[in-house]
Amino acid sequence: LTHTITMPSSTSSSSRSSSEKDNGGGDMVLENKEAENRYYENQDRYREEQDPEKGSYRSQESVEVVEVANFREKEKIKREKSIYSWSFGRSDISKHLAKACIAEGIGCFFLILICVGSANSRILVALTTGVTHLQALYWIGISISFGIGCAGIIHILSETSGGHINPAVTLALFVDRRISFIHCLFYIIAQFLGGFLGAGILYGVGNHGNLTTDIYGGNSFDADDINFIQAFFIELFGTMFLVLVVFSTIDIRRGHEPSFLQPLAIGFAILVLHIWMIPYTNCAINPVRGSVWNIVIGKADEQIFIFLLAPLCGGALAVPLYNLVFK
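Residues numbered from 1 in each chain as written. Predicted model: local features only at pLDDT ≥ 70, side-chain atom pairs only at ≥ 80, totals over all residues. Heavy atoms only, no water.

(A) How the structure looks around the pattern of salt bridges. Overall, the coordinates contain 2 salt bridges when judged by the stated rule. In this structure, Asp-176 engages Arg-178 in a salt bridge whose closest nitrogen and oxygen atoms are separated by 2.6 Å. Overall, the relative accessible area of 4% leaves Asp-176 in the buried class. By relative accessible area, which is 23% here, Arg-178 ends up partly exposed. With its nearest N and O atoms 3.6 Å apart, the salt bridge here joins Arg-253 to Asp-251. Owing to a relative accessible area of 38%, Arg-253 belongs among the partly exposed residues under this scheme. (Salt bridge = Lys/Arg side-chain N within 4 Å of Asp/Glu carboxyl O. Buried < 20%, exposed > 50% of the residue type's maximum accessible area, 1.4 Å probe, protein only.)

(B) Seen up close, the nonpolar core. Within the largest apolar cluster, 54 residues are counted, with the highest numbers of intra-cluster contacts made by Phe-146, Leu-242, Phe-247 and Ile-266. Of all the elements, helix 9 (residues 228-249) adds the most residues to this core, at 10 residues. With near-sequence residues (within four places) excluded, Phe-247 lies in contact with Ala-172, Leu-173, Asp-176, Arg-178, Val-319 and Tyr-322. (Core = buried A, V, L, I, M, F, W, Y, C linked by side-chain atoms within 4.5 Å. Helix = DSSP H or I, 4+ residues; strand = E, 2+ residues; numbered from the N terminus. Contact = heavy atoms within 4.5 Å.)

(C) Highlighting the environment of Ile-140. As for its placement among the helices and strands, Ile-140 is situated in helix 6 (residues 135-157). According to the relative accessible area criterion, Ile-140 is partly exposed, its value standing at 40%. With 131 residues separating them along the chain, Ile-140 and Leu-271 place their C-alpha atoms 8.6 Å apart.

(D) How the structure looks around a nonpolar patch on the surface. A contiguous nonpolar surface patch, about 650 Å² in accessible area, is contributed by Phe-88, Ile-93, Phe-181, Leu-185, Phe-186, Ile-189 and Leu-193. The topology assignment puts Ile-93 in the loop between helix 3 (52-80) and helix 4 (95-118). (Patch = residues over 30% accessible without salt bridge, like charges linked within 9 Å, V, L, I, M, F, W, Y side chains within 5 Å. Areas by Shrake-Rupley, 256 points an atom, 1.4 Å probe, with all protein chains shown as cover.)

Printed below as a string of structure tokens:
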């Protein structure tokens, strides 16, 4: 071997005896331990010199770790400063986008089938029909169904598509330059398709055509109570609040790790909004929820434009508000 590693020789018996008398052999043990550590370090260094492939692999591995760390740091800085650029998104067309769109369609399918279906519950209808003072139980029951139901749907979809299930949220993310135009367009198409499918199945399997009650789960407002402008701004401000909650839960500067807490926070926001808005507009805050069920059950009229446009405007206006005030 070109490198001969030898352990340090022991001290003489006389010096050893004197050292032990001074400190009980503590210095000797410490010196031997340091020598042993140097020995193993020299052995590792020698093996790397004799095995270039192993040494180069370790070097390459360390470089890759540094590159990944640098990339993550750049992405963090980019998100913190909101350095986004408008993109048409031709490169986004991929298998992953297809899976994400299918997920959004499934999410809106369950949104209409389960959450809107809760507004048609025969139990709730029987509970409140003819009993005015129990009407609040009907509203609170629907609010809980929408809040917890949406939280569950968002949690299911979060890893695949981000769990938008709302064209207003998707448009807000596009306005904030977080997603491309293609991404936004395909998501919204998938959301409406899934919503119509859910509405059709809900209407068919629930025999909702036979319901002889005014409680049908659609979105509308009484023109004797509020006018078009008031209904529009109620939906606009409600959606604005929802999008602000969404943006705060995905803001990495706040140190939130992805977990069930983000969908839960959004679900509670939806629950509170329903308690406030159901007496006025039945709370759409979502163009899919505010239109597809009314169309399928044949109750779409000029009011449907409020439930289509107001949530989109509220979502878009929430973006500059969040960036200027809360970011």
